[in-house]
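# A structural walkthrough
What follows is the residue order along each chain.
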Amino acid sequence: QVRLVESGGGLVQAGGSLRLSCAASGLTFSSYTMGWFRQAPGKEREFVARISGNGGSAYYADSVKGRFTISRDNAKNTVDLQMDSLKPEDTAVYYCAAGIPPLGLKATMDIFYDYWGQGTQVTVSS
């Protein structure tokens, strides 16, 4: 049984930082592209960042590029999202996801991900 469990969410002031972590079990972790998505109230879920199975390739949404950093530790089966210079518009529930997208795709769409965590709330106050 595959499980993805996010942690690290919370309340932070604008300009601050948070680090999210996702612990995976029940899958061959290094075989999976790992992604972070978020969903704000009243909005559709949107792509934030993803990292390839070996960690050699990362891709970010334009809205977070330069502020967020995705990383993974295949020895620990974890993927992190370091979020700096947070803005109120970053407020959302953040989800970790695992999938094996076709080669060559940026894998920004949630249809490429088979497994999802329960989400963790991030709230950025102005």
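Quick note: structure is the one above.
Now for a look at the structure at hand. (Residues numbered from 1 in each chain as written. Predicted model: local features only at pLDDT ≥ 70, side-chain atom pairs only at ≥ 80, totals over all residues. Heavy atoms only, no water.)

## Quick notes on the overall build of the chain
Helix and strand counts for the chain stand at zero helices and eleven strands. The N-to-C order of helical and strand elements in the chain reads β-β-β-β-β-β-β-β-β-β-β. What you see for the chain is a C-alpha radius of gyration of 13 Å, in line with the 14 Å of a compact globule of 126 residues. Seen through its principal axes, the chain has C-alpha atoms that stretch 40 × 25 × 25 Å. Taking all 126 residues of the chain together, 44% fall into the buried category. Within the chain, contacts between residues at least 6 apart in sequence are counted, and of these 59% link residues at least 24 apart. Surface summary for the chain: the accessible area is close to 6,400 Å², and the carbon and sulfur share equals 48%. Within the chain, one finds 12 positive and 11 negative side-chain charges whose respective centroids are separated by 3 Å. (Helix = DSSP H or I, 4+ residues; strand = E, 2+ residues; numbered from the N terminus. Rg over C-alpha atoms; globule rule 2.2 N^0.38 Å. Buried < 20%, exposed > 50% of the residue type's maximum accessible area, 1.4 Å probe, protein only. Contact = heavy atoms within 4.5 Å. Areas by Shrake-Rupley, 256 points an atom, 1.4 Å probe, with all protein chains shown as cover. Lys, Arg positive; Asp, Glu negative; His and termini not counted. Charge placed at Lys NZ, Arg CZ, Asp CG, Glu CD.)

## A look at the layout of surface pockets
Reported here for the largest pocket is a volume of approximately 190 Å³. For the largest pocket, the lining is made up of 16 residues, of which Thr33, Ser52, Pro101, Pro102 and Leu103 are closest to its centre. Looking at the lining of the largest pocket, its residues break down into seven nonpolar, eight polar and one charged. (1 Å grid on protein atoms, 1.4 Å probe; cavity = no way out; pocket = protein on both sides within 12 Å on 5 of 7 lines; lining within 4 Å. Points joined across faces, edges and corners; volume = space filled by probe spheres on them. Nonpolar A, V, L, I, M, F, W, Y, C, P; charged D, E, K, R; others polar.)

## Things to note about unusual backbone geometry
Positive phi is not limited to glycine here, since asparagine 77 has a value of about 60°. With respect to the helices and strands, asparagine 77 occurs in the loop between β7 (68-73) and β8 (78-83). In this structure asparagine 77 comes out as partly exposed when scored by relative accessible area, which is 22%. In the Ramachandran plot, serine 85 falls in the positive-phi region, its phi being about 50° despite a non-glycine side chain. Accessibility expressed as a relative area gives 41% for serine 85, which makes it partly exposed.

## Focus on the pattern of salt bridges
Under the counting rule described, the total for this entry stands at six salt bridges. For aspartate 90, the salt bridge is made with arginine 38, and the minimal N-O distance between the two is 2.9 Å. Here arginine 38 lies in strand β4 (residues 33-39) and aspartate 90 lies in the loop between β8 and β9 (92-99), a separation of 52 residues in the sequence. Residue classification places aspartate 90 among the buried residues on the basis of a relative accessible area of 0%. Through salt bridges that share partners, Arg38, Glu46, Arg67 and Asp90 make up one connected network. (Salt bridge = Lys/Arg side-chain N within 4 Å of Asp/Glu carboxyl O.)

## A closer look at the state of the cysteines
For the structure on display, the rule yields one disulfide. Each disulfide pairs two cysteine sulfurs, and for cysteine 22 the partner residue is cysteine 96, the sulfurs being separated by 2.1 Å. Where cysteine 22 bonds to cysteine 96 through sulfur, the torsion about that S-S bond is close to -75°, and the disulfide is left-handed. With a gap of 74 residues between them, cysteine 22 in strand β3 (residues 18-25) and cysteine 96 in strand β9 connect regions that are remote in the sequence. Given a relative accessible area of 0%, cysteine 22 falls into the buried group. Residue cysteine 96 is classed as buried on the basis of its relative accessible area of 0%. (Disulfide = S-S within 2.5 Å.)

No statement about biological role is implied by the geometric values presented.
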